Amino acid sequence: MKFWETVTGGDLTREWKGLEVRAGALPAEYRVAWEQVTAHLLPYSGFTGRELMPILDGALGLLETAAMDGHSVQEVLGDDIAGFCTALAGGAGARDYRDRWRAQLNRNVARKLSRLGG
């Protein structure tokens, strides 16, 4: 991976387009499930989304395998796609981007207040 591609995110763009091409080859109900999976997983991403790409690749691989085997989406993901995505992201206590930003803001405010008080 070249430095410039890493900085600009060109490698992520290529990888994302590859995932979308693979998802486009899925049957209709699996494409809808893929869209729901990505929508539920994106809040758990960091600023770039780099750490989320292996998880998305694995989820798409699961959908591709299930489609080839003839399973329904409900058999694979269950009725609670949001819960499935939460489990993929690390469980019920997984921090999403809002949690990380909130913690950063609280640290910055506490640091500023400690300077004023002392």
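Since the model is a prediction, treat every value here as computed from it, not as a measurement.

So, how was this worked out
- Residues numbered from 1 in each chain as written.
- Predicted model: local features only at pLDDT ≥ 70, side-chain atom pairs only at ≥ 80, totals over all residues.
- Heavy atoms only, no water.
- Buried < 20%, exposed > 50% of the residue type's maximum accessible area, 1.4 Å probe, protein only.
- Helix = DSSP H or I, 4+ residues; strand = E, 2+ residues; numbered from the N terminus.
- Arc of directions from axis to C-beta.
- Contact = heavy atoms within 4.5 Å.
- Expected span 1.5 Å × (residues − 1).
- Axes fitted to C-alpha atoms, helices over the stretch in contact; angles between N-to-C directions.
- Parallel < 35°, antiparallel > 145°, perpendicular 65-115°, else oblique.
- Left-handed = near helix turned anticlockwise from the far one by under 90°.
- Nonpolar A, V, L, I, M, F, W, Y, C, P; charged D, E, K, R; others polar.

Run through helix α6 (residues 81-89), naming residues and quoting values.
Considered for burial, the residues of α6 that qualify are Ile81, Cys85 and Thr86. Angularly, the buried residues of α6 cover 140° about the axis, an arc narrow enough to put them on a single face. Elements that come into contact with the buried residues of α6 comprise α3 (28-41) and α5 (73-77). Once α6 ends, the next one or two residues include Gly90, with phi positive near 130°.

Go over the side chain of Thr38, please, and point to the residues and values.
Following the sequence through the fold, Thr38 ends up in helix α3. With residues near it in sequence (within four places) discarded, Thr38 still touches Trp16 and Leu56.

So what's going on with α3? Residues and values would help.
The end-to-end C-alpha distance of α3 is 20 Å, a good match for the 20 Å that 14 residues give at a rise of 1.5 Å each. As for α3, its buried residues are in contact with α2 (10-24), α4 (53-69), α5 and α6.

I'd like to hear about the packing of α3 against α4, residue by residue, with values.
Direction vectors running N to C along α3 and α4 enclose 160°, while the axes themselves pass 11 Å from each other. Of the possible angle classes, the one that applies to α3 and α4 is roughly antiparallel. Crossing of α3 against α4: the hand is right-handed. On the side of α3, the interface is formed by Tyr30, Trp34, Val37, Thr38 and Leu41, while α4 contributes Ile55, Leu56, Ala59, Leu60, Leu63, Ala66 and Ala67. Looking at the contact of α3 with α4 residue by residue, the classes come out as 11 nonpolar, 1 polar and no charged.

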